[in-house]
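A closer look at the structure
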Amino acid sequence: MTKKTISILRGFHTKGVCSLNFSATGKLLLSVGIDEDHSVAIWRWQDGSKVACSPGHSKRIFLAEFRPDSDTQFVSVGVKHVKFWTLAGGQLICKRGLMNSAGQNTQGVKMQTMLSIAFGANDQTFTGSMSGDIYVWKGNLLNRVVEKAHQDAVFCLYTTLRDGLIVSGGKEKLSKDGGPVKIWDQEMKRCRAFQLETGNKIDVVKSVCRTKGKIVVGTKESEIIEITEKTTNTKKLLQGHGEGEMWGLTSHPSKSMFASASDDKTIRIWDIQNKKMSYMAKLGAAVRSITYSPDGEMIAVGLKNGEFMVVVAATLKVWGKRRDRNKTITDIKFSPDGKYLAVGSDDGCVDFYDLTQGPSLNRVGFCKGIPSFVFQLDFSADGKFIQVKSY
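Okay, so let's go over this structure.

Thresholds, definitions, all that
- Residues numbered from 1 in each chain as written.
- Predicted model: local features only at pLDDT ≥ 70, side-chain atom pairs only at ≥ 80, totals over all residues.
- Heavy atoms only, no water.
- Helix = DSSP H or I, 4+ residues; strand = E, 2+ residues; numbered from the N terminus.
- Buried < 20%, exposed > 50% of the residue type's maximum accessible area, 1.4 Å probe, protein only.
- Contact = heavy atoms within 4.5 Å.
- Areas by Shrake-Rupley, 256 points an atom, 1.4 Å probe, with all protein chains shown as cover.
- Lys, Arg positive; Asp, Glu negative; His and termini not counted.
- Charge placed at Lys NZ, Arg CZ, Asp CG, Glu CD.
- Pairing = 2+ DSSP bridges.
- Axes fitted to C-alpha atoms, helices over the stretch in contact; angles between N-to-C directions.
- Polar contact = N/O pair within 3.5 Å; in protein donor to acceptor, adjacent residues only side chain to side chain.
- Core = buried A, V, L, I, M, F, W, Y, C linked by side-chain atoms within 4.5 Å.
- Phe/Tyr/Trp six-rings, centres within 6.5 Å; stacked < 30°, edge-to-face > 60°.
- Lys NZ or Arg CZ within 6 Å of the ring centre and 35° of its normal.
- Salt bridge = Lys/Arg side-chain N within 4 Å of Asp/Glu carboxyl O.

Once that is clear, we can look at the overall build of the chain. A count of helical and extended segments in the chain gives zero helices and 34 strands. Counting every position in the chain, which comprises 391 residues, the buried fraction comes to 49%. Sequence-distant contacts, at least 24 apart, represent 38% of the contacts inside the chain between residues at least 6 apart. For the chain, the accessible area works out to roughly 20,100 Å², and carbon and sulfur atoms hold 50% of it. Separation of charge centres in the chain, based on 55 positive and 39 negative side chains, amounts to 3 Å.

What the four strands build is an open sheet, ordered S29-S30-S31-S32; its pairing is antiparallel. The open sheet terminates on both sides in strands that have one partner only, identified here as strand S29 (329-334) and strand S32 (362-367). Averaged over neighbouring strand pairs, the angle between their axes works out to 20° when direction is ignored. Across five bridges, S29 lies against strand S30 (residues 340-345) in antiparallel orientation.

For the rest of this paragraph, the subject is the side chain of arginine 210. By secondary structure assignment, the location of arginine 210 is in strand S17 (residues 202-211). A relative accessible area of 6% places arginine 210 in the buried class. A polar contact is formed between the side chain of arginine 210 and the side chain of aspartate 163, at a distance of 3.0 Å. Those residues in contact with arginine 210 that sit more than four places away from it in its chain are Tyr158, Thr160, Arg162, Asp163, Leu165, Val167, Ile183, Ile215 and Glu229.

Glancing now at the nonpolar core. Side chains of nonpolar character tend, in soluble globular proteins, to be buried together. Counting residues in hydrophobic clusters, the biggest one holds 18 residues, and the most contacted among them are Ile267, Ile299 and Val301. Looking at this core, the elements that each hand over two or more residues are strand S22 (257-261), strand S23 (266-271), strand S25 (287-292), strand S26 (298-303) and strand S27 (307-312).

So, on to unusual backbone geometry. Look at lysine 148: it is not a glycine, yet its phi comes out positive at around 50°. Residue placement: lysine 148 occurs in the loop between strand S12 (141-146) and strand S13 (154-159).

Quick look at the packing of aromatic side chains now. For the coordinates displayed, the defined rule picks out eight aromatic pairs. With a centroid separation of 5.8 Å and 75° between ring planes, the pair formed by phenylalanine 22 and tryptophan 45 is classed as edge-to-face. Taken together, the residues span a long stretch of sequence, with phenylalanine 22 in strand S1 (residues 17-22) and tryptophan 45 in the loop between strand S3 (40-44) and strand S4 (49-54) at a distance of 23 residues. Judged by relative accessible area, phenylalanine 22 falls into the partly exposed class, the value being 47%. Judged by centre distance (4.6 Å) and plane angle (50°), the rings of phenylalanine 308 and tyrosine 353 are tilted. Here phenylalanine 308 is found in strand S27, whereas its partner tyrosine 353 is found in strand S31 (residues 350-354), with 45 residues between them in sequence. Grouping residues by exposure puts phenylalanine 308 and tyrosine 353 together as buried. By the ring-pair criterion, three or more aromatic residues cluster together here, those being Phe66, Phe74 and Trp85. Across the ring face of phenylalanine 155, the terminal group of lysine 206 is positioned such that the distance to the ring centre comes to 4.6 Å.

This part covers the sheet that holds S26. Overall, antiparallel pairing links the four strands, which are arranged S25-S26-S27-S28 in an open sheet. Every interior strand has two partners, whereas the edge strands, S25 and strand S28 (318-323), have only one. Along the sheet, successive strands turn relative to each other by an average axial angle of 15°, direction set aside. Relative to S27, S26 runs antiparallel, the two being bridged by five bridges. Of the residues in S27, the one forming a bridge with isoleucine 299 is valine 311.

Another point: the pattern of salt bridges. Under the counting rule described, the total for this entry stands at 16 salt bridges. Between arginine 162 and aspartate 163 there is a salt bridge, and its shortest N-O distance comes to 4.0 Å. Overall, the relative accessible area of 61% leaves arginine 162 in the exposed class. Using a relative accessible area of 33% as the deciding quantity, one classes aspartate 163 as partly exposed. For aspartate 331, the salt bridge is made with lysine 333, and the minimal N-O distance between the two is 3.1 Å. Salt bridges linked by common partners bring Arg162, Asp163, Arg210 and Glu229 together as one network.

Moving on, we get to the pairing of S4. As paired strands, S3 and S4 are joined by five bridges and run antiparallel to one another. Each bridged residue has a counterpart across the sheet, and for alanine 41 the counterpart in S4 is cysteine 53. Between S3 and S4, which pair antiparallel one after the other, the connecting turn spans four residues, and glycine 48 there sits at a positive phi close to 80°.

You can see arginine 288 is positioned in strand S25. Judged by its relative accessible area of 13%, arginine 288 falls in the buried class. Among the polar contacts made by the side chain of arginine 288, one reaches the side chain of aspartate 263 at a distance of 2.8 Å.

Okay, here's the thing in structure tokens:
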């Protein structure tokens, strides 16, 4: 793998591109834009030429995929629609997914917002809905509804070409018999569920892939987990911060490790040499700033709700916490001797706390009159002064 750019496709999508998918032979590339028409385009990507294009739908399209045995047929799903497309020369021909009261469990069924796609034999298509149902289509006609395939949204489906089994991933509460990852037969009747063993009360699976007796799962919490089908054992391959922004980052003063803080309400300690997360803690609120003490024994964190905490670095257990401000703690620093803590906030203030008096975190002073919110702050080398950056 050279990682060299071999093709750039431009000149059609005017805004972002929300979905890409290769055709069966790999010669064509399907793209979906986020413009007002949610435009769809087919590219001969190797020479950069556009084969065909069309407005996609009046409402947002989340995903579009070629049938795994075709270079001319694909399906798109999105807000309350499913569309079945055919490439005919330089034209794209579209058929809407049609409801069918004569199918199995289809009486009175309405079109839902669809999030995921998989394919079966004999022109079958499976689409995962926001409610947890899976719709089974024959051509563009609804043939069957698998009610509550998952407790909540079915974010992903995967077609295993070797044996025809379908893997689904969704949002599930922890239960004895269920699981956020499931394998189905082509009739969507026989199901086997897998737990992720994350310790979460609710697991949200956003992507799945299956090969050689293994299922690889991507979660909302930025984890990649490998499931062994035969034993149901799980192995975490990768971990990271989940939803939201990551503003806090600090390196250990003497060891090859660093700490990060995020809007996902966690702080995490990372091992640089082994390139993996060592341990983490959930703090209950979005975290916007973090710093190690000079000796590396303590970590101070500032929260988005105006609170700040001091935790023991080795365990991440809370040593002390306090809240004197109502707005985000944007930066936080220990004095060079580790005796004081400076806490800057969106209130345009810097507060000082005496750590030698214990976990009560007594405030011993503050700076005010800063013209805007505190963006960064730092102590001088002798600890007698601080410098503050604001906007």
